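Topology and contacts: notes
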Amino acid sequence: MSRAALLVLADGRFPAGGHAHSGGAEAAVKAGRISGAASLADFCRGRLQTAGSVAAALAAAAALGIDPVALDRAADARTPSPALRVAARKLGRQLMRAARATWPSAELDALAREFPKGAHQPVVLGLAARAAGLGPVDAAYCAAYESVSGPATATVRLLSLDPFDATGVLARLAPETDRVVDRAVEAARRVVDEGVDALPAGSAPLLEIGAEIHAGWPVRLFAS
Amino acid sequence: MHLDHDHTHDGPGAVSADALRPDGGRRALRIGLGGPVGSGKTATVAALCRALRDELSLAVVTNDIYTREDAEFLLREAVLPPERITAVETGACPHTAIRDDISANLEAVEDLEDAVGPLDLVLVESGGDNLTATFSKGLVDAQIFVIDVAGGDDIPRKGGPGVTTADLLVVNKTDLAPYVGSDLARMAADAKAQRAELPVVFQSLRSEPGVADVAAWVRAQLAAWAAGA
């Protein structure tokens, strides 16, 4: 295993489509829930503990070799908003393309055949980590970090927020991210014996509602 | 890089610039149109569709920055049936979607081929951007950079990747030159200096021959693509 592969996969410039998505930040900015660094931190903390923790557990389970079709179904069950399901599958499809080109793998090919229009992004992320020779902890870190780095980057563009402040928010969330990853990997290991019901099911209703409203806007900067 | 060459025909889709579709057929030629905001990219795409739609099977991908205006303009003008036009959302960074992270555009192109194919030609229109925006070779086979005389006649002299390296440079709205004080001869000389042998077309879509020169260039690209060049 190469630890440097983790840097490739976690790099915000990894060409997997994330740049066009705000992780709910655009809807939250419009609704006044994000207006500066402090409220960005609150938003990110909420997303990390809900969608982020679910994504991290899904990614870790996929990296452990759990059946990705079962994980994809579990992801659907944990994503009430149709708009967010669409976004997750779009991003999963884009990540699939980038991962297959970067780390060719029979498992990724099989998942692409199973889901030609895309599986849930965290599931693809876990398999991509596996193809890169990384483990469940690495996969969970990628998913958990992405759950907050996306909204932070988007908020810099949406509010012209000072980029140093946005990066500071991410840095201060690091210890919390560590704990989310620990719990996610623990849950993923339980899935081996107990099945996908051992995955967390944290939910943030405002993220789901905001995504539905956002999907109906005629004018927006981000796809989700 | 091209993972699918060893695969059977039911394998997963191509990765990026592969010349063959997953079913083994040759994919459509992809031509990108980039250039600054308001230079006439969408108008050129519309004119190209009108000029070529009776002889070719074609489709268009637009990359709007924050709306669906460009796609809706093409729909309103009815230059192609709606199922042949699709819009990609670019998250405030149009150049990222055509150069650094092309996955959403590749998917749009492939979905069009699946839905209305086989296609001869897909036009990929960038969101209006700056002079450094160029298309990745993983996304398009050739690119057109569209500037206009009203944007300042010093743009060819300023150069930049779009002006210097695009396979075709289009200087649009030549009919406006007398009104904005642009010197077409100077623009042509500067473009020649920047581009050496690469072609330049001066056009006005408001008078004859309109888009004919650009359409002829597209036909030549298609002939070369069909010949397997």
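Computed from a prediction, not measured in an experiment: that's the story for all the values here.

Points about the overall build of chain B
- For chain B, the helix and strand inventory stands at nine helices and seven strands.
- A compact globule built from 229 residues would reach a C-alpha radius of gyration of about 17 Å, and chain B, at 17 Å, matches this within 12%.
- The principal-axis extents of the C-alpha atoms in chain B amount to approximately 60 × 35 × 35 Å.
- Intrachain contacts of chain B at a sequence separation of at least 6 include 75% that bridge at least 24 residues.

Quick look at the overall build of chain A
- Looking only at helices and strands, chain A has 11 helices and zero strands in total.
- For 224 residues, the compact-globule formula gives about 17 Å, and the C-alpha radius of gyration of chain A, at 16 Å, lands near that figure.
- Its C-alpha atoms give chain A principal-axis dimensions of about 45 × 35 × 35 Å.
- Counting all 224 residues of chain A, 57% fall into the buried class.
- Sequence-distant contacts in chain A: of pairs separated by 6 or more residues, those separated by 24 or more amount to 81%.
- Accessible surface, chain A: about 9400 Å² in total, of which carbon and sulfur atoms supply 58%.

Here's the deal with the interface of chain B and chain A
- Each partner contributes to the interface: chain B provides 31 residues, whereas chain A provides 25 residues.
- When chain B packs against chain A, close to 2200 Å² is buried across both sides, 49% of that on carbon and sulfur atoms.
- Counting the contacts that link chain B with chain A gives six salt bridges.
- Along the contact surface separating chain B from chain A lie nine residue pairs in polar contact (both at pLDDT 80 or more).

Regarding the nonpolar core
- Ranked by internal contacts, the top residues of the largest apolar core, which has 70 residues, are Leu9, Leu40, Leu71 and Leu199 of chain A.
- Take this core: its biggest share by element is 15 residues, from helix α3 (residues 37-63) of chain A.
- When sequence neighbours within four positions are dropped, the list of residues in contact with Leu40 of chain A reads Ile34, Pro151, Ala152, Thr155, Leu161, Ala166 and Val169 of chain A.
- Counting residues in hydrophobic clusters, the runner-up holds 32 residues, among them Leu52, Val79, Ala142 and Val146 of chain B.

A word on the environment of Pro122 of chain A
All names here are of chain A.
- Position of Pro122 relative to the elements: it lies in helix α7 (residues 121-131).
- By relative accessible area, Pro122 is classed as buried at 11%.
- Put simply, Pro122 and Ala174 are 52 residues apart on the chain and 20 Å apart in space, counted from C-alpha to C-alpha.
- Those residues in contact with Pro122 that lie beyond four places of it in its chain are Ala55, Leu58 and Ala59.

Quick notes on the pattern of salt bridges
- Overall, the coordinates contain 25 salt bridges over all chains when judged by the stated rule.
- The residue Arg89 of chain A makes a salt bridge to Asp76 of chain A at a minimum N-O spacing of 3.0 Å. On the criterion of sequence distance, the pair formed by Arg89 of chain A in helix α5 (residues 82-102) and Asp76 of chain A in helix α4 (residues 68-77) is long-range, its members being 13 residues apart.
- On the basis of relative accessible area, Asp76 of chain A is assigned to the buried category, the value being 19%.
- Of the charged contacts in the structure, one is a salt bridge between Lys192 of chain B and Glu197 of chain B, with a shortest N-O distance of 3.7 Å.

Considering empty space enclosed by the protein
- Tallying each qualifying case throughout the model produces one cavity of 30 Å³ or more.
- Computed from the structure, the largest cavity encloses a volume of approximately 80 Å³.
- Arg220 of chain A together with Tyr66, Thr67, Arg68 and Glu89 of chain B are, among the 13 residues lining the largest cavity, the residues nearest its centre.

What about the side chain of Ser103 of chain B?
- Note on placement: Ser103 of chain B falls in helix α4 (residues 103-116).
- The exposure class of Ser103 of chain B is buried, given its relative accessible area of 4%.

A look at helix α1 (residues 41-52) of chain B
- End to end, α1 of chain B covers 16 Å across 12 residues, agreeing with the expected 16 Å (1.5 Å per residue, within 8%).
- With respect to burial, α1 of chain B is a largely interior element, nine of its 12 residues being buried.

Re the environment of Asp120 of chain B
All names here are of chain B.
- Topologically, Asp120 is positioned in the loop between α4 and β4 (121-125).
- Every residue in contact with Asp120, bar those within four places of it in the chain, is listed here: Ala28, Leu29, Leu56, Ser57 and Leu222.
- At 2.7 Å, the side chain of Asp120 forms a polar contact with the backbone nitrogen of Ser57.

Structural notes on the UniProt feature "domain: CobW/HypB/UreG nucleotide-binding" (unreviewed entry) in chain B
- Summarizing the sequence annotation, UniProt attributes the feature "domain: CobW/HypB/UreG nucleotide-binding" (unreviewed entry) to residues 31-201 of chain B in the numbering used throughout.
- The annotated region residues 31-201 of chain B carries 39% helix and 20% strand content, and the separation between its end C-alpha atoms amounts to 16 Å.

A word on the confidence of the model for chain B
- For chain B, the mean per-residue pLDDT works out to 89, and 91% of the residues sit at or above 70.
- Counting interchain partners and residues more than four positions distant, the pLDDT-below-50 stretch residues 1-13 of chain B has 30 contacts.

Section: the sheet that holds β4 of chain B
Residue and element names in this part refer to chain B.
- The seven strands lie next to each other as β3-β2-β4-β1-β5-β6-β7, forming an open sheet whose pairing is parallel. In this open sheet, the two edge strands, each paired with only one partner strand, are β3 (85-89) and β7 (200-202). Looking at each pair of strands side by side, their axes are set apart by 20 degrees on average, direction ignored.
- Sheet analysis places strand β1 (residues 29-34) next to β4, joined by five bridges and oriented parallel. Bridged to Leu33 within β4 is Glu125.
- Running over the sheet, α1 touches β1, β2 (58-64), β4, β5 (142-148) and β6 (168-172) and is turned about 165 degrees from β4.
- Its contacts with the sheet put α4 on β1, β2, β3 and β4, and the angle it makes with β2 is roughly 155 degrees.

Reading guide: rules and limits
- Residues numbered from 1 in each chain as written.
- Chains lettered and ligands numbered in written order.
- Predicted model: local features only at pLDDT ≥ 70, side-chain atom pairs only at ≥ 80, totals over all residues.
- Heavy atoms only, no water.
- Helix = DSSP H or I, 4+ residues; strand = E, 2+ residues; numbered from the N terminus.
- Rg over C-alpha atoms; globule rule 2.2 N^0.38 Å.
- Contact = heavy atoms within 4.5 Å.
- Buried < 20%, exposed > 50% of the residue type's maximum accessible area, 1.4 Å probe, protein only.
- Areas by Shrake-Rupley, 256 points an atom, 1.4 Å probe, with all protein chains shown as cover.
- Buried area = accessible area lost by both parts, 1.4 Å probe.
- Salt bridge = Lys/Arg side-chain N within 4 Å of Asp/Glu carboxyl O.
- Polar contact = N/O pair within 3.5 Å; in protein donor to acceptor, adjacent residues only side chain to side chain.
- Core = buried A, V, L, I, M, F, W, Y, C linked by side-chain atoms within 4.5 Å.
- 1 Å grid on protein atoms, 1.4 Å probe; cavity = no way out; pocket = protein on both sides within 12 Å on 5 of 7 lines; lining within 4 Å.
- Points joined across faces, edges and corners; volume = space filled by probe spheres on them.
- Expected span 1.5 Å × (residues − 1).
- UniProt positions renumbered as here; feature names shortened; annotations may be inferred.
- pLDDT = per-residue confidence, 0-100.
- Pairing = 2+ DSSP bridges.
- Axes fitted to C-alpha atoms, helices over the stretch in contact; angles between N-to-C directions.

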